[in-house]
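Descriptive analysis of the structure
The chain contents come next:
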Amino acid sequence: MLVIVGVPLALGFRYSMHRVFLYDFNNQIFKGLDNYAYALSDPLFIKALNTTIIFTLGCVATGILFGLLVAFLLNSRKVRWRPFWVSLFLIPFVMTPVVGGIAWRFFMWQQEFGVINAIGGIFGADARYWLLDRETALFASIVSNSWHLTPLSILVFYAALSTIPDELYDASHIDGAGPFQTLWYVVLPLLRPHVLFVSVILLTSAFREFDMIWALTGGGPGRSTTVLSILAYNRGIANQDMGMANTIAFTMFAIMAVVAWIYITIYRRMLEKST
Amino acid sequence: MIHYILKPMSWLSAAALISMVGTVSAQDTTIRWALHPGAEADAVVDYFAPRYEEETGIKVVGEILPPDQLRDRMSIEAIGGTDRWDLGYHSPGWFGTFKDHVIDLTQLVEKHGFDVSAYPALVQNSHMKSPARPGEIIALPTTPAAPMLIYRRDWFEHPDEMAAFEAKFGRALAAPSTFAELRDVAEFFTRDAGETLAGKTLERSLYGWSDALGAGAGITRSFIVMLYSTGVSGWDENYEPDIDQPIVAEVAEYFVDLAQNFAPREAQNWGFLEGLEMFRDGRMATATMWPQGVGTVEDPSGEAAGNTAYTPLPLWENNLAGYTQGHPFLGGGGVFIFDTPNSEEAFKFLKWMLQDNEVEFGKRSLQFSRLSHFQSEELRNLKPYYADFLPTFEKVLESVFIRQGIPEWGAVMWNGTTDFITDVYSGDLTAAQAQERWAAQMREAFDAAGYR
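Residues numbered from 1 in each chain as written. Chains lettered and ligands numbered in written order. Predicted model: local features only at pLDDT ≥ 70, side-chain atom pairs only at ≥ 80, totals over all residues. Heavy atoms only, no water.

**So, the overall build of chain B**
Across its full length, chain B holds 19 helices and 10 strands. Once the C-alpha set of chain B is aligned to its principal axes, its extents read approximately 105 × 50 × 35 Å. Within chain B, contacts between residues separated by at least 24 positions form 72% of all contacts whose residues are at least 6 apart in sequence. By element, 51% of the accessible surface of chain B is carried by carbon and sulfur atoms, the whole surface being about 18100 Å². Seen as two clouds, the 35 positive and the 64 negative side-chain charges of chain B have centres 4 Å apart. (Helix = DSSP H or I, 4+ residues; strand = E, 2+ residues; numbered from the N terminus. Contact = heavy atoms within 4.5 Å. Areas by Shrake-Rupley, 256 points an atom, 1.4 Å probe, with all protein chains shown as cover. Lys, Arg positive; Asp, Glu negative; His and termini not counted. Charge placed at Lys NZ, Arg CZ, Asp CG, Glu CD.)

Okay, structure coming up:
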């Protein structure tokens with residue numbers, strides 16, 4: 001564990017405190033916290049951080065919402081061929097993000113022949129350049145990545161729902177609750193720990209997402225979809241500035257560590273409360 | 001008696017053994033080359049490598065890498081000392097990056113009679129030398145290239161278009177000789193579907209100009225061509241940046257206007273030559289074209305074949321260096337030899353391909369850089385459009401910017417340009433803000449390298 005996790009972390013932290021360029025790798029100059037100070041004052045880093053937050057929250061919200069909805073529908077007694085539907089909804093999750101990204105780029109969002117514009121056309125909407133327009137590229141990226149992440153929440157919520165005894169549904173039905181009232185007043189309170197668990201997984205996954213966005217937009221147009229992971233890649237690989245790339249990566253790690261700690265603390269308290 | 005018989009026999013056996021060892025060693029030698037995709041890479045893999053193996057027994061393996069991975073993978077292998085490749089292709093702007101890993105070719109050039117003077121002086125300076133290894137020859141040119149402007153001759157010569165242009169702009173419709181004229185031409189030809197062009201109704205929209213505008217390398221390459229035409233060099237002899245001058249903001253605003261108003265939106269997906277297919281299909285009136293794209297433009301199945309005219313890039317008026325035509329950087333690339341046990345064999349292969357088979361290399365790679373390429377009647381008559389294209393390309397090569405080749409060039413100039421034009425194009429920063437940031441980064445890099 002120490003070798004697998006500790007050594008790369010220590011190396012990354014060390015590089016983040018140095019000026020390290022790939023073309024001059026042996027000439028590493030200690031900079032202390034200067035790289036961090038520079039990053040935090042750099043408008044591009046701040047913009048990438050904002051984009052990352054919007055992207056992450058968008059993916060978490062969409063993943064939870066659709067995950068709950070689909071799991072709730074799948075759990076309905078009226079659903080036939082349940083294993084088929086569960087398998088179908090899991091396909092995006094087993095697909096490599098970069099392949100999913102390419103598929104969405106060329107088949108879904110493509111302006112002339114894409115499915116989205118074809119559907120929009122039926123309702124009289126103008127064909128849009130979804131991935132080439134600064135106004136819509138981030139939205140399109142969130143939708144595509146949510147498509148990839150939602151199956152995980154479907155799986156967890158469906159498993160959790162299947163443990164809720166039928167008597168509870170029957171009781172709420174007798175009390176006159178409709179499906180959405182049952183969901184809101186009966187099911188959701190029981191699923192709260194699972195929602196928290198899924199949101200941590202989706203949050204950490206979306207926060208560090210690279211492949212899907214890279215395949216969709218490459219971080220563009222302009223910098224409208226440049227999230228922190230893409231910024232770090234651009235600094236480290238394109239610019240060969242491994243010092244700054246590690247500073248960005250380590251900042252991401254620190255942010256995620258804090259967020260995960262908050263989540264775990266809340267999760268623990270919630271479990272203690274319920275027991 | 002036996003001694004007299006055995007002695008020559010033993011010499012013969014020794015000679016046979018040495019020759020066998022030589023043969024085994026030649027047969028065992030494999031030269032590995034990291035290549036950039038393109039016609040030249042195909043020529044190496046499909047033609048020159050098999051032929052060289054037939055002639056010498058030495059195997060040449062060309063590994064074609066994705067363009068955006070070539071430098072990084074070669075850097076990583078070189079830093080790791082893996083000897084994975086004996087030869088590496090790259091653009092001269094990045095030669096300095098490999099300064100610690102490639103050999104000086106000067107002695108091999110002399111030993112094997114490689115004629116350096118067969119290349120124009122600018123190509124020698126750009127594609128063979130580097131300030132990172134002063135006084136040495138560190139690469140051989142394979143694909144020196146610089147872009148030109150192409151336009152639809154048939155539309156420019158159409159009487160209706162000529163009359164309409166003259167009525168609108170008060171001068172004759174002609175190949176643009178300045179960037180200001182290029183903007184007029186681009187505006188004039190940008191039309192929606194349903195409008196008329198050269199007496200015909202357009203089924204799809206027509207664009208006045210384009211180049212690749214994709215994030216990263218696409219937009220950087222397109223813009224830096226115009227940037228150097230303003231006469232800036234990036235920095236002066238004292239390593240003081242000159243990219244913070246007002247002319248740089250002017251060219252950035254010009255570029256953004258041209259790209260956002262007269263180029264197709266799809267161009268934001270193009271990394272290099274992809275957009276020339278739209279020119280080929282009759283959907284663009286002018287385009288910036290790197291020579292590697294001429295085959296696409298003149299594809300016989302397209303509308304532009306036989307109707308394309310070639311001219312050097314237009315002049316940036318009042319440029320700081322007094323250039324008399326557009327002044328793109330000299331791009332394309334050269335091949336250097338890594339410090340591996342096969343380095344001399346690798347050089348011999350390069351000499352055989354580039355010099356001993358120079359016309360064949362031009363024919364098969366569609367790359368022209370040696371003086372003989374431009375003088376060869378065989379090459380000039382190879383394709384119907386070469387009679388126009390080759391002299392224009394020769395003229396383009398007379399006025400090109402030679403990149404400085406220091407190890408920091410890629411970081412401060414190429415990626416600096418990427419950040420600068422991305423920020424201005426997207427509106428995230430004003431040109432002045434982006435310039436200030438760029439110049440500060442450049443100064444910091446030069447200070448750290450000890451240049452200032």
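That covers the picture; the talk isn't over yet.
**Observations concerning the sheet that holds strand 8 (residues 286-289) of chain B**
Residue and element names in this part refer to chain B. As summarised here, the arrangement of the three strands in space is 8-5-9, forming an open sheet in which the pairing is antiparallel. A single partner strand is all that each edge strand has here, and the edge strands are strand 8 and strand 9 (308-311). Put simply, the sheet's adjacent strands are angled 30° from each other on average, direction ignored. Where strand 5 (residues 148-152) lies against strand 8, four bridges are found, and the strand directions are antiparallel. (Pairing = 2+ DSSP bridges. Axes fitted to C-alpha atoms, helices over the stretch in contact; angles between N-to-C directions.)

**Considering unusual backbone geometry**
Most peptide bonds are trans, and most residues other than glycine sit at a negative phi. Across the junction of Gly-220 of chain A and Pro-221 of chain A, the peptide omega takes the value -5°, indicating a cis bond. Mapped onto the elements of the fold, Pro-221 of chain A is located in the loop between helix 10 (211-216) and helix 11 (228-238). Even without being glycine, Trp-81 of chain A reaches a positive phi, approximately 50°. In this structure, Trp-81 of chain A sits in the loop between helix 3 (43-74) and helix 4 (82-94). A positive phi angle is found at Asn-318 of chain B, which is not glycine, with a value near 60°. Summarising the element assignment, Asn-318 of chain B is placed in the loop between strand 9 and strand 10 (334-337).

**Structural notes on the domain arrangement of chain B**
Residues and elements named next belong to chain B. You can read the domains of chain B as domain 1 (29-145 + 331-394) and domain 2 (148-328 + 408-449). Computed over C-alpha atoms only, the centres of domain 1 and domain 2 are separated by 28 Å. Facing 11 residues of domain 1, the contacting portion of domain 2 comprises 17 residues. The junction of domain 1 with domain 2 conceals about 1200 Å² of combined surface from both sides, 76% of it contributed by carbon and sulfur atoms. For the pair domain 1 and domain 2, the interface holds one salt bridge. On the surface where domain 1 and domain 2 come into contact, there are one residue pair in polar contact (both at pLDDT 80 or more). Residues belonging to the side of domain 1 that touches domain 2 are distributed by class as follows: five nonpolar, five polar and one charged. (Domains from an automatic or database assignment. Buried area = accessible area lost by both parts, 1.4 Å probe. Salt bridge = Lys/Arg side-chain N within 4 Å of Asp/Glu carboxyl O. Polar contact = N/O pair within 3.5 Å; in protein donor to acceptor, adjacent residues only side chain to side chain. Nonpolar A, V, L, I, M, F, W, Y, C, P; charged D, E, K, R; others polar.)

**Let's talk about the side chain of Gln-124 of chain B**
Residue and element names in this part refer to chain B. Tracing the sequence through the fold places Gln-124 in helix 5 (residues 121-127). Relative accessible area serves as the criterion here: at 17%, Gln-124 is assigned to the buried category. One polar contact links the side chain of Gln-124 to the main-chain carbonyl oxygen of Tyr-119, over a distance of 2.8 Å. Apart from the residues lying within four places of it in its own chain, the contact partners of Gln-124 are Val-116, Ser-117, Tyr-119 and Lys-129. (Buried < 20%, exposed > 50% of the residue type's maximum accessible area, 1.4 Å probe, protein only.)

**Quick look at the interface of chain B and chain A**
Across the contact, 27 residues belong to chain B and 28 residues belong to chain A. Of the roughly 2600 Å² buried between chain B and chain A, counting both surfaces, carbon and sulfur atoms make up 43%. Between Asp-419 of chain B and Arg-235 of chain A there is a salt bridge, with its nearest N and O atoms 2.8 Å apart. There are 11 residue pairs in polar contact (both at pLDDT 80 or more) connecting chain B and chain A.

**Topic: a nonpolar patch on the surface**
A surface patch of nonpolar side chains, about 770 Å² in accessible area, is lined by Met-1, Leu-2, Val-3, Ile-4, Val-5, Val-7 and Leu-11 of chain A. Here Val-5 of chain A shows up in helix 1 (residues 2-16). (Patch = residues over 30% accessible without salt bridge, like charges linked within 9 Å, V, L, I, M, F, W, Y side chains within 5 Å.)

**Side note on the packing of aromatic side chains**
Within the structure shown, the criterion is met by 56 aromatic pairs over all chains. Ring centres of Trp-104 of chain A and Trp-147 of chain A lie 5.7 Å apart, and the angle between their planes is 65°; this geometry places the pair in the edge-to-face category. Of this pair, Trp-104 of chain A sits in helix 5 (residues 97-108) while Trp-147 of chain A is found in helix 7 (residues 137-161), placing the two residues 43 residues apart along the sequence. The class of Trp-104 of chain A is buried, set by a relative accessible area of 10%. Feature note: the residues Trp-94, Tyr-228, Phe-272, Trp-290, Phe-329, Phe-401, Trp-409 and Trp-414 of chain B constitute an aromatic cluster, connected by ring pairs. A cation over an aromatic ring shows up here: Arg-71 of chain B above the ring of Trp-94 of chain B, its NZ or CZ 4.1 Å from the ring centre. (Phe/Tyr/Trp six-rings, centres within 6.5 Å; stacked < 30°, edge-to-face > 60°. Lys NZ or Arg CZ within 6 Å of the ring centre and 35° of its normal.)

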